[in-house]
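The lines below spell out each chain.
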Amino acid sequence: MSSPTTTEDLNPFHITAQQFDRAAAYMPQLKRGLIDYLKRPHRSVIVEFPIEMADGTVQTFTGYRVLHNMVRGPGKGGIRYHPNVNLDEVRALASWMTWKCAVIDVPFGGAKGGVAFNPKEHSEADIRKITRRYISELGDLIGPYTDIPAPDVYTDARTMAWIFDTYSMMHPGRNNLGVVTGKPLDIGGSHGRDEATARGCLYCAERALVRGVVSGRDGVDGARVAIQGFGNAGAHAATLFHEAGAHIIAVSDSQGGILNERGIDLAAVAAYKAKTGTVLGAANARNISNADLLALECDILIPAALENQIRGDNAAAVRARLICEAANGPTTPTADRILQDKDIPVLPDILANSGGVCVSYFEWVQNNENEQWDLQEVNHKLRTKMERAADAVIGKQTEINRSGHTNGPIDLRTAALIVAIDRVAEVALKRGIWP
Ligand code: NAD
């Protein structure tokens, strides 16, 4: 991955503020006090805790949990294990969760958490200990009706099982399944949750294309797709877009990418990555860098890794016809402006990857009702929610751009934020400021 060379402010929390301000400029009804309240996280917690590692040494870890807003319901948001996790990143991710839950219209607020360490350097036993201690330090700051974690970068169903188990040890004798989503199927997980983020991206892209967001292309069938990141979101997106008729021409991970203009053999690449830990060097494809991947000429570019990948210094090189953000925060505000000028629509994270939290909500409902829905039911409900959300966002963009607003035309990110902020503000005003 090329390192950023711009002077752009890449602090994700500052970026959320810039995005918010851009949307608020189109919302004169929002009073200053409400704007200030909605921008700030409700609660930010830092925990520092020691772990005795397998080799007998003691290491101290830093964990975070931020609850951004809960006027529409309990906090909801993933837990990330990555060496770069820091408070401002978690605050940004928590605020995007607030807007995402509002856009997809599930009754949750926004939250996020993480522990700053590299799970690739630790054994499963160490990661289990770190997880259990982190969750026990958070204590009753999380709970089925207050703040509900889920998977994010380098956490998965196995991690969620440990979270559930730890919380259950602390709260015996009651149904605790709803404390965390993304659990294994046999521990209250939902069918379809694993691939929900990617499936939501597919449904969102399909809807946007049918609605004419890219001229001359009304579907995914035959589209040439490049995907950055080959984890939960990226690898499932590759499979699902391929099943929908797309050609996956390039994929990448933290070590680099591969390209085959005629289409990548996904099963072979997944097997190769399972063996070697990377897609780099897989057979029948040419090695490329992550920077090369972002600049490929293609129909759909899916960033599915981390924040700040498409920036002021590389956005001009993007040659995709549509960007579909499976990752959170992959595009900076400067890049947004460049892409808008280049007429490249971006299906923004708070819309495009909301399928994950949508099926997390379905999982939580099933847990509370002691039910298990079948996969078809989950996917059908997911498609309905994604299409409604995409329609609301595209409709808002059309409405504002047709009005000839004095602030100029808006992109889809700003439209999505306007929809979301409006929904959260509406509930905040109805509930009133306590006391
Ligand atoms: P993951 O840990 O399963 O996969 C992350 C992938 O990104 C891996 O393939 C990793 O190699 C790759 N990666 C890491 N650093 C990279 C770099 N510098 N350049 C290129 N690739 C790199 O994580 P995930 O759950 O798939 O999350 C990916 C993105 O999707 C994150 O932004 C996350 O917040 C977002 N997201 C995930 C979910 C979910 O349900 N898992 C939901 C919504 C959004």
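With that settled, the discussion passes to the pairing of strand β1 (residues 43-52). For β1 and strand β2 (residues 58-69), the ladder comprises 10 bridges, and the chain directions are antiparallel. The residue of β2 that forms the bridge with Arg 43 is Leu 67.

Any aromatic ring pair is given by two values, namely how distant the centres are and how the planes are angled relative to each other. For the coordinates displayed, the defined rule picks out 10 aromatic pairs. Ring centres of Phe 49 and Phe 61 lie 6.2 Å apart, and the angle between their planes is 20°; this geometry places the pair in the stacked category. Here Phe 61 lies in strand β2 and Phe 49 lies in strand β1, a separation of 12 residues in the sequence. By relative accessible area, which is 0% here, Phe 49 ends up buried. Residue class for Phe 61 comes out buried when judged on its relative accessible area of 3%. With a centroid separation of 5.7 Å and an interplanar angle of 85°, the aromatic rings of Phe 108 and Tyr 361 are classed as edge-to-face. Within this pair, whereas Phe 108 is found in the loop between α3 (87-104) and β4 (109-115), its partner Tyr 361 is found in helix α12 (residues 355-369), the two being separated by 253 residues in sequence. The class of Phe 108 is buried, set by a relative accessible area of 0%. Counting every residue linked through ring pairs, the aromatic cluster contains Phe 108, Tyr 145, Tyr 361, Phe 362, Trp 364 and Trp 373. In this structure, Arg 91 is placed above the aromatic ring of Phe 13, and the distance from its NZ or CZ to the ring centre is 4.2 Å.

Turning to the site of the ligand, a few remarks are in order. Among the 22 residues in the neighbourhood of the ligand, the closest are listed as Asp 152, Tyr 154, Thr 197, Asn 232 and Asn 328. Contact between the ligand and Phe 230: an oxygen atom at 2.9 Å from a main-chain N or O atom of the residue. The residue inventory of the shell around the ligand, partitioned by class, reads 10 nonpolar, eight polar and four charged. Shared between two domains, the shell around the ligand holds at least three residues of each, these being domain 1 (42-178) and domain 2 (196-352).

Calculation notes
- Residues numbered from 1 in each chain as written.
- Predicted model: local features only at pLDDT ≥ 70, side-chain atom pairs only at ≥ 80, totals over all residues.
- Heavy atoms only, no water.
- Pairing = 2+ DSSP bridges.
- Helix = DSSP H or I, 4+ residues; strand = E, 2+ residues; numbered from the N terminus.
- Phe/Tyr/Trp six-rings, centres within 6.5 Å; stacked < 30°, edge-to-face > 60°.
- Buried < 20%, exposed > 50% of the residue type's maximum accessible area, 1.4 Å probe, protein only.
- Lys NZ or Arg CZ within 6 Å of the ring centre and 35° of its normal.
- Near = heavy atom within 4 Å.
- Polar contact = N/O pair within 3.5 Å; in protein donor to acceptor, adjacent residues only side chain to side chain.
- Nonpolar A, V, L, I, M, F, W, Y, C, P; charged D, E, K, R; others polar.
- Domains from an automatic or database assignment.

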